[in-house]
Amino acid sequence: MNLDEKAAIVAPLGFEPMRLGQLLNSDDGREYSSITGLIAIPAYKVGWENRSIKSNLRHFKKTHQCSLSLCSSLNPYALYQKIDELWDAYEKIILAPLGTKPSTIAISLFLINNFKKNTRKKNISAVYDFPVKSIDRSLGIGKIHLYSMYSTI
């Protein structure tokens, strides 16, 4: 993607505000045409969706077209459909999987299924920030969700 061409960034947001901030600051000064933050519900714990909004809101600058939207935290197919709507709305989008594991599954499948549709004028890509786990992150194994999803290639 040419650095002169601005892309919309779409990021399912988590609870760590530094991840979105680092992503926006580390991209060689690129300015995005818009930022869409996706808030996952239900949250891991009651009320954490508000924590996610509060933690990330400071990154939504007045210089960008910004929006927040709700998405399912447990249903990769629902997020896949949301990404598909955004793909129709923007010519160039960059997906940033900063949220739940199901959102990362949805982003991965969307990239695989739509890779062949990329052109110079309309394309989709992804960035990932490889976070370092903090000490106060969750431990153990919670509920296990099984998904049946298929690639179209």
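To be clear, the structure that these remarks concern was listed above.
Residues numbered from 1 in each chain as written. Predicted model: local features only at pLDDT ≥ 70, side-chain atom pairs only at ≥ 80, totals over all residues. Heavy atoms only, no water.

1. What to know about the packing of aromatic side chains
Item 1. Enumeration over the complete set of coordinates arrives at 2 aromatic pairs.
Item 2. Taken together, a centroid distance of 5.1 Å and an interplanar angle of 65° make the contact between Y80 and F110 edge-to-face. One end of the pair, Y80, is in helix α3 (residues 76-89); the other, F110, is in helix α4 (residues 101-114), and 30 residues separate them in sequence. Here Y80 matches F110 in class, with each residue buried.
Item 3. Relative to F110, the ring of W87 has its centre 6.5 Å away and its plane inclined at 75°; by these criteria the two rings are edge-to-face. Residue W87 is located in helix α3, and its partner F110 is located in helix α4; the two are separated by 23 residues in the primary sequence.
Item 4. In this structure an aromatic cluster arises from ring pairing among Y80, W87 and F110.
Item 5. Between the NZ or CZ atom of K122 and the centre of the ring of W87, over which it lies, the distance is 4.3 Å. (Phe/Tyr/Trp six-rings, centres within 6.5 Å; stacked < 30°, edge-to-face > 60°. Helix = DSSP H or I, 4+ residues; strand = E, 2+ residues; numbered from the N terminus. Buried < 20%, exposed > 50% of the residue type's maximum accessible area, 1.4 Å probe, protein only. Lys NZ or Arg CZ within 6 Å of the ring centre and 35° of its normal.)

2. Regarding the packing of α3 against α4
Item 1. With their axes 8 Å apart at the nearest point, α3 and α4 run at an angle of 50° to one another. Between α3 and α4, the interaxial angle falls into the category oblique. Handedness of the crossing formed by α3 with α4: right-handed. The segment α3 lies against α4, with P76, L79, Y80, I83, D84 and W87 engaging P102, S103, I105, A106, I107, L109, F110, N113 and N114.
Item 2. Considering only residue class, the contact of α3 with α4 consists of 11 nonpolar, 3 polar and 1 charged. (Axes fitted to C-alpha atoms, helices over the stretch in contact; angles between N-to-C directions. Parallel < 35°, antiparallel > 145°, perpendicular 65-115°, else oblique. Left-handed = near helix turned anticlockwise from the far one by under 90°. Contact = heavy atoms within 4.5 Å. Nonpolar A, V, L, I, M, F, W, Y, C, P; charged D, E, K, R; others polar.)

3. What to know about the nonpolar core
Item 1. By size, the foremost hydrophobic cluster in this structure holds 18 residues, and its most contacted members are L79, I83, I93, L95, F110 and I124.
Item 2. Those elements that provide at least two residues to this core are β1 (8-13), β2 (34-41), α3, β4 (92-95) and α4.
Item 3. Discounting chain neighbours no more than four positions away, the residues touching I124 are W87, I93, L95, F110, L111 and N118.
Item 4. A11, L20, F60 and L98 belong to the second largest nonpolar core, which has 14 residues in total. (Core = buried A, V, L, I, M, F, W, Y, C linked by side-chain atoms within 4.5 Å.)

4. Comments concerning the side chain of S34
Item 1. Looking at where S34 falls in the secondary structure, it is placed in strand β2.
Item 2. Accessibility expressed as a relative area gives 1% for S34, which makes it buried.
Item 3. For S34, the residues in contact, after removing those within four places along its chain, are A7, A8, I9, Q65 and Y90.

5. Remarks on the sheet that holds β2
Item 1. Taking strand neighbours across the sheet as the criterion, the 5 strands line up as β3-β2-β1-β4-β5 in an open arrangement whose pairing is parallel. The open sheet has two free edges, formed respectively by β3 (65-72) and β5 (123-126), since each of these has just one partner strand. Taken over all neighbouring pairs, the strand axes of this sheet differ in orientation by 20° on average, direction set aside.
Item 2. Of the pairings in the sheet, the one linking β1 to β2 comprises 6 bridges and is parallel in character. Note that in β2 the partner of P12 across the bridge is L38.
Item 3. Strands β1, β4 and β5 of the sheet are contacted by α4, whose axis makes an angle of about 140° with β5. (Pairing = 2+ DSSP bridges.)

6. So, α3
Item 1. Across its 14 residues, α3 extends 20 Å between first and last C-alpha, which sits within 8% of the 20 Å expected from 1.5 Å per residue.
Item 2. Those residues of α3 not exposed but buried are P76, L79, Y80, I83, L86 and W87. Relative to the axis of α3, the buried residues are bounded by an arc of 120° and lie together on one face. Exposed and facing more than 90 degrees away from the buried side of α3 are D88 and A89.
Item 3. Looking at the buried positions of α3, the neighbouring elements they touch are β1, β2, β3, β4, α4 and β5.
Item 4. With a side-chain oxygen positioned 3.0 Å from the backbone nitrogen of Y77, the residue opening α3 is N75. (Expected span 1.5 Å × (residues − 1). Arc of directions from axis to C-beta. Polar contact = N/O pair within 3.5 Å; in protein donor to acceptor, adjacent residues only side chain to side chain.)

Interpretation in functional terms is not warranted from these geometric data alone.
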